[in-house]
Amino acid sequence: QVQLVESGGGLVQPGGSLRLSCAASGSIFSINAMGWYRQAPGKQRELVATMTTAGSPNYADSVKGRFTISRDNAKNTMSLQMNSLKPEDTAVYYCNAFVRRLEGLPLNAYWGQGTQVTVSS
């Protein structure tokens with residue numbers, strides 16, 4: 001079994017900051033790309049930020065300059081620093097990881113249960 005657990009969500013005012021964390025555990029040989037996705041009520045799940053194992057980040061245009069993704073490969077953890085938050089950032093944020101459970105076998109995508117981020121005054 002592979003488990004991803006998010007933490008750090010909450011309620012903040014516009015312009016505030018939050019830091020989300022994701023911890024992966026279970027039967028893991030290696031983790032390749034990791035990322036954050038979010039889904040607001042009535043909307044499709046969308047990509048927020050991703051990072052390769054080598055540390056190359058990619059961001060959605062809507063969060064560039066405000067969010068920073070990072071990861072610790074040794075600890076199988078990932079973080080998302082969110083600054084200058086806007087009401088439109090309100091969503092459930094999900095951790096995603098491509099995991100190789102055994103050497104030489106294909107990668108599989110795994111998802112966390114999500115953590116709620118609410119930006120409101």
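Overview of the structure. (Residues numbered from 1 in each chain as written. Predicted model: local features only at pLDDT ≥ 70, side-chain atom pairs only at ≥ 80, totals over all residues. Heavy atoms only, no water.)

## Describing the nonpolar core
Short version of the rule: The nonpolar core is taken to be a set of buried Ala, Val, Leu, Ile, Met, Phe, Trp, Tyr and Cys residues, with the residues joined through side-chain atoms within 4.5 Å. We call a residue buried when its accessible area falls under 20% of the maximum for its residue type, exposed when it is over 50%, and partly exposed in between, using a 1.4 Å probe and counting protein chains only. A run of H or I in DSSP becomes a helix once it reaches four residues, and a run of E becomes a strand once it reaches two; helices and strands are each numbered from the N terminus. Residues are treated as being in contact if the distance between any of their heavy atoms lies within 4.5 Å.
Counting residues in hydrophobic clusters, the biggest one holds 30 residues, and the most contacted among them are Trp36, Val48, Phe67, Leu80, Met82 and Tyr93. Elements with a minimum of two residues in this core: β1 (2–7), β3 (18–26), β4 (30–39), β5 (46–51), β7 (67–72), β8 (77–82), β9 (91–100) and β11 (115–119). Top contributing element to this core by residue count: β9, with 5 residues. Sequence-distant contacts of leucine 80, that is, excluding residues within four places in its chain, are made with Leu18, Arg19, Leu20, Trp36, Val48, Ala49, Phe67, Thr68, Ile69 and Tyr93.

## Remarks on the pattern of salt bridges
Applicable threshold: Here a salt bridge means any side-chain nitrogen of Lys or Arg lying within 4 Å of a carboxyl oxygen belonging to Asp or Glu.
What the rule picks out here adds up to 4 salt bridges. One salt bridge connects glutamate 46 with arginine 38, and the closest N-O pair in it is separated by 2.8 Å. Assessed through its relative accessible area of 37%, glutamate 46 is described here as partly exposed. The exposure class of arginine 38 is buried, given its relative accessible area of 5%. Between aspartate 89 and arginine 38 there is a salt bridge, with its nearest N and O atoms 3.0 Å apart. Residue aspartate 89 is found in the loop between β8 and β9, and its partner arginine 38 is found in strand β4; the two are separated by 51 residues along the sequence. When its relative accessible area of 0% is taken as the criterion, aspartate 89 is described as buried. What emerges from the salt-bridge pattern is a single network uniting Arg38, Glu46, Arg66 and Asp89.

## Topic: the environment of threonine 50
Looking at where threonine 50 falls in the secondary structure, it is placed in strand β5. Residues threonine 50 and tryptophan 36 lie 14 residues apart in sequence; the distance between their C-alpha atoms is 6.3 Å. Beyond its immediate chain neighbours, meaning those up to four positions away, threonine 50 contacts Met34, Gly35, Tyr37, Ser56, Pro57, Asn58 and Ile69.

## Section: the packing of aromatic side chains
We count it as follows: Pairing of aromatic rings covers Phe, Tyr and Trp, the last through its six-membered ring, and needs centres within 6.5 Å; plane angles under 30 degrees mean stacked, over 60 mean edge-to-face, and all others mean tilted. For a lysine, the NZ atom is tested; for an arginine, the CZ atom; a charge sits over a ring if that atom is within 6 Å of the ring centre and within 35 degrees of the ring normal.
All told, the structure shown has 1 aromatic pair when counted by the stated rule. Seen in terms of ring centroids, tyrosine 37 and tryptophan 111 are 5.0 Å apart; in terms of plane orientation they differ by 65 degrees. Their pairing is edge-to-face. Of this pair, tyrosine 37 sits in strand β4 while tryptophan 111 sits in strand β10 (residues 108–111), and the two are 74 residues apart along the sequence. Judged by its relative accessible area of 18%, tyrosine 37 falls in the buried class. Note that arginine 45 overlies the ring of tyrosine 94, its terminal NZ or CZ placed 3.8 Å from the centroid. We note arginine 45 situated over the ring of tryptophan 111; from NZ or CZ to the ring centre the distance is 4.7 Å.

All quantities given are derived from atomic positions and should not be read as evidence of function.
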